[in-house]
Each structure stands twice: as C-alpha cells, then as structure tokens.
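Commentary on secondary and tertiary structure
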Amino acid sequence: MTEQSPLAIRRLESVVERVAPRDPDRWEARPPLKRGRLVSPSRARQLRATVRQLGLAVGHEGMPEGCGRSVKRLLAPEAVDAFLELAAEGVFRDPDKAKLLGKPLPWSTRAMLRDCLVILGEEAGVQVVVPRVYRERLDLAPVAEAVQLDALYERLVWLSGDAPVDALMARSLACAGLVLDSRMRSGDLASRRVEHVHLDEGDPWVEGVWNPQGWGRARAEPAVLSPGTVAALGRWLRFRGELVAGLQGSDHGMLWVTVQRMGRLVGGVGQTYEAGMPLRAQGLRMGFSAGMARLNGVLASRWKGPGPWSPLPLRVEQWRRGVEWAQEQAAAR
C-alpha cells in the first residue's frame, strides 16, 4: 500500500489485506467474507490482481474522471463497465509481462475480474452492478468440427485398443471420458475415488459432483458412463492397480495417481514422490495435457476418417467447454 495511490485503491488494498493478509502468521486467523466463506489462496491472488488492475485503470483516459477519489465512485456502474471493457482488451495487463501486453483477456479471466469486483464491493459496503461476461465460441475447445466430440471420443477409445498406450495416455483418455459424461471441472475430477466409479452395474455410472464457482453449495450429481468411457476407465484401473501395488501400506483409494517416480520440493527440501501416489488438481491437469499430446502422435497414424485428423484438445477445460457448447448449439436449434 502506498501513499501515492488514489484513496479508493488504498481502501480496497486494506480490504484485501483484512480478508487475505499477506503475513503467514495472520493467514489462519483471517476473518470470513461477508458472504460467509474464507478467502482461498487462489482467490486472494485474484483479489490482489484485480486491485492492481484497478490502480492502473484509475488514471486511464477511458475511465470516468475522479473515479479514484472513493470506492463508491470507482465501483459505480459507469466506472465498472469502462474498467471491464478496457481490461478485456488487455489494457491493464502486468507491465512486467511484455509478451502479454495488449492481448485480450480470455473468458475465464474476465469472469474472475467480474466476481472479484462484486466481492470487493461487498466488503467495502458498496453494491456493485456488473454485466454478465459471455463466453464466445472462440474461447472454447479447438474440437474437430466435422464430428461430435462424444462420437469422436468413442472412436478414439476403440482405435487405441491395440495401440501402444502407456499409463500416462490411459489416464488422460479415462479423464476425458469422465469429463464428457459428467462435465466435472478438474478440481472435482481430482477428488474422485475408486469407489465413486461403478463399472460393474447394469448401467455404469460415476458419483459426480457439481461445484458452482459462484454462490451455492456443491451437490452430488451421478452421471451415466458411455461405453467408451467404461472401456477407458477399465484400462486405467488396471494400470492404477499395478502402480499402487508398488507402494507400502494400504491402497489410498484415490482414482488418479502418478504414473512415474518424481522429485519435488517441500519446504525447500527435495523429496521423492513415488509412482502410484494421489494426484492433486494441478498435477492432473498437467498430466492430462502431456498424455493427450502423446495420444495425438500415436492415434493420428491410425485415423481413417471421416475427414482429416484433428488434434485432441490438450486441456481438461477445453473438453468440458466443448461439451457445453455442443449442448448450447443443440438447444438453440
């Protein structure tokens, strides 16, 4: 916090510091937001980034004059609209990241800014009216245009049946199937346990979870599994069984596990992370991308159409959004 900053920015910085203190000794004792939740580390970073962008916006010619004099002025509808429009164009990106300067923000970042503005307003006692952030087709998955994603997935599962698929690829293919059938986000996907997957019943299903990013509580939402997903999960579970068998102690029960031995830093000290250990959301996302990239190379030579080979999306969210977009298109017909 600097004395040279406009009054509105200093006030918002103090708001963030109160609910998300930088001091590690104060973090555990932080108070909840007025909506009743504690700020997570990721949300704390988002709130600070939003205030930083607001600080850059205050002096911009596209913002209402004098908007930095108070939080009420800065979070007024005309100022919020101008800020979100300019931010979407990449005007307020981090100056230290030269390659990104001026590049438009993706839909997810624009939605994050919108949510953070609402939270900042709530904590500062100012009602914030924000426009809805729409997701364009361009932001969605680079999915093969000529074939429905679910039908494409079914073919890929069968094509990979006699392909040299290793544990990394098997895990990614099983993840993609669960995303297509349940539309779970990566964080919810990472929390699945083996007991949540029911492959031996008449209609195979998974105990899914719908976890809204805004208000509302998470709720269980079972999803029926397609034949392709059942086949992919069965293959992954065989790999998983072999990996977990190499660990000492009983099976931890998590569905997604590491496929090779890795080193990592814990508190500045190097530690070994054995194959078969549970994967967190970030590790699952990174492993998914690596597995899909490898699958692209293996399956491209086996593709016989229809149409030319289209590389598989590499990110979990691309698969999930591709399904949502296809459903939106079907509903609009």
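Residues numbered from 1 in each chain as written. Predicted model: local features only at pLDDT ≥ 70, side-chain atom pairs only at ≥ 80, totals over all residues. Heavy atoms only, no water.

As for the overall build of the protein
Rules: A helix here means a DSSP run of H or I that spans at least four residues, while a strand means a run of E at least two residues long, and both kinds are numbered starting from the N terminus. Type-normalised accessible area, obtained with a 1.4 Å probe on protein chains alone, sets the label of each residue: buried when under 20%, exposed when over 50%, and partly exposed for intermediate values.
The helix and strand tally for the protein stands at 12 helices and seven strands. Looking at the protein as a whole, 44% of its 333 residues are labelled buried.

Some remarks on the nonpolar core
Condition: Think of a nonpolar core as a cluster: buried Ala, Val, Leu, Ile, Met, Phe, Trp, Tyr and Cys residues, connected wherever their side-chain atoms sit within 4.5 Å.
The biggest cluster of nonpolar side chains holds 41 residues, and the ones touching the most others in it are Leu 12, Leu 54, Met 63, Leu 74, Phe 83 and Leu 117. Of all the elements, helix 6 (residues 107–124) adds the most residues to this core, at eight residues. Of all hydrophobic cores here, the second largest spans 39 residues; its members include Met 169, Leu 173, Cys 175 and Leu 243.

A look at unusual backbone geometry
Here the phi dihedral of Arg 183 falls at roughly 60 degrees; this positive angle occurs in a residue that is not glycine. In this fold, Arg 183 is placed in the loop between helix 8 (167–182) and helix 9 (186–190).

A few points about the sheet that holds strand 1 (residues 197–198)
Sheet strands pair by backbone hydrogen bonding; their relative direction is either parallel or antiparallel. Short version of the rule: Two strands make a pair as long as DSSP finds a minimum of two bridges between them.
Sheet architecture is open: three strands sit in the order 1-2-5, paired in antiparallel fashion. Two strands close off the open sheet at either side, each with one partner strand: strand 1 and strand 5 (223–224). Here strand 1 pairs with strand 2 (residues 205–206) via two bridges, running antiparallel. Residue pairing across strands places His 198 opposite Trp 205, the latter belonging to strand 2.

Thoughts on the confidence of the model for the protein
Rules: One confidence number per residue, pLDDT, is output by the predictor and ranges from 0 to 100. A contact between two residues is defined here by any heavy atoms of the two lying within 4.5 Å.
On average, residues of the protein carry a pLDDT of 81, and 79% of them reach 70 or more. Predicted confidence in the protein is weakest over strand 3 (residues 209–210), with a mean pLDDT of 57, and strongest over helix 1 (residues 7–19), with 95. Predicted confidence for residues 211–217 stays below pLDDT 50, and this span has 14 contacts to residues more than four positions away or in other chains.

Notes on the environment of Ala 82
In this structure, Ala 82 sits in helix 5 (residues 77–88). The contacts of Ala 82, once residues within four sequence positions are left out, are Gly 62, Met 63 and Pro 64.

Examining the packing of aromatic side chains
What counts, and what does not: Here is the rule: rings of Phe, Tyr and Trp (six-membered ring for Trp) pair when centre to centre is within 6.5 Å. Planes less than 30 degrees apart are stacked, more than 60 are edge-to-face, and the remainder are tilted. Two thresholds decide whether a charge sits over a ring: the Lys NZ or Arg CZ must be within 6 Å of the ring centre and within 35 degrees of the ring normal.
All chains considered together, the criterion is met by two aromatic pairs. Ring plane angle 10 degrees and centroid distance 5.7 Å describe the contact between Phe 83 and Phe 92, whose orientation is recorded as stacked. For Phe 92, a relative accessible area of 2% corresponds to the buried category. Aromatic side chains Trp 236 and Trp 256 sit 6.1 Å apart centroid to centroid with 25 degrees between the ring planes, which places their arrangement in the stacked category. In this pair, Trp 236 sits in helix 10 (residues 227–245) while Trp 256 sits in the loop between helix 10 and strand 6 (262–266), placing the two residues 20 residues apart along the sequence. Overall, the relative accessible area of 0% leaves Trp 236 in the buried class. The class of Trp 256 is buried, set by a relative accessible area of 1%. Taking NZ or CZ as reference, Arg 30 lies 3.9 Å from the ring centre of Trp 27, over its face.

Focus: the environment of Leu 47
Relative to the assigned elements, Leu 47 resides in helix 3 (residues 41–57). Residue Leu 47 is classed as buried on the basis of its relative accessible area, which comes to 1%. Between the C-alpha atoms of Leu 47 and Glu 17, which are 30 residues apart in sequence, the distance is 9.8 Å. With sequence-adjacent residues up to four places away left out, Leu 47 is seen in contact with Val 16, Val 39, Cys 116, Ile 119 and Leu 120.

Here we look at the side chain of His 198
Selection rule: Under this definition, polar contacts are N or O atom pairs within 3.5 Å; protein pairs additionally need one hydrogen-donor-capable and one acceptor-capable atom, and for neighbouring residues in sequence, both atoms have to be side-chain atoms.
Looking at the element boundaries, His 198 is found in strand 1. Owing to a relative accessible area of 17%, His 198 belongs among the buried residues under this scheme. Separated by 2.8 Å, the side chains of His 198 and Glu 207 make a polar contact.

Focus: helix 5
In an α-helix there are 3.6 residues to a turn, and that puts residues three or four apart on one side. Rule in force here: Take the number of residues in a helix, subtract one, and multiply by 1.5 Å to get its expected span.
With 12 residues, helix 5 ought to run about 16 Å at 1.5 Å a step, and its terminal C-alpha atoms sit 16 Å apart, in line with that. Among the residues of helix 5, Ala 79, Val 80, Ala 82, Phe 83, Leu 84, Leu 86 and Ala 87 are the ones counted as buried. Of the surrounding secondary structure, the elements contacted by the buried residues of helix 5 are helix 3, helix 4 (71–74) and helix 6.

Section: the packing of helix 5 against helix 6
Using the following cut-off: Every axis corresponds to a line fitted to the C-alpha atoms, with the helix fit spanning only the stretch in contact, and the corresponding angles, defined between N-to-C directions, vary from 0 to 180 degrees. Roughly parallel means an angle under 35 degrees; roughly antiparallel means over 145; roughly perpendicular covers 65 to 115; every other angle is labelled oblique. Throughout, a crossing is termed right-handed when the near helix is turned clockwise from the far one, and left-handed when it is turned anticlockwise from it by less than a right angle. Residue polarity is assigned by list, with Asp, Glu, Lys and Arg as charged and Ala, Val, Leu, Ile, Met, Phe, Trp, Tyr, Cys and Pro as nonpolar; anything else, Gly included, falls into the polar class.
Between helix 5 and helix 6, the shortest axis-to-axis distance is 10 Å and the interhelical angle comes to 155 degrees. When the axes of helix 5 and helix 6 are compared, the pair comes out roughly antiparallel. Classified by chirality, the crossing of helix 6 by helix 5 is right-handed. Facing Val 80, Phe 83, Leu 84, Ala 87 and Ala 88 of helix 5, the residues of helix 6 in contact are Arg 110, Leu 113, Arg 114 and Leu 117. Looking at the contact of helix 5 with helix 6 residue by residue, the class counts come to seven nonpolar, no polar and two charged.

A word on the pattern of salt bridges
What counts here: We define a salt bridge as a side-chain nitrogen of Lys or Arg found within 4 Å of a carboxyl oxygen belonging to Asp or Glu.
Under the criterion given, the structure shown has eight salt bridges. Between Arg 26 and Glu 17 there is a salt bridge; the shortest N-O distance is 3.1 Å. The partner of Glu 123 in a salt bridge is Arg 18, and the shortest N-O contact between them spans 2.8 Å. Taken together, the residues Glu 123 in helix 6 and Arg 18 in helix 1 connect sequence positions 105 residues apart. In this structure Arg 18 comes out as partly exposed when scored by relative accessible area, which is 37%.

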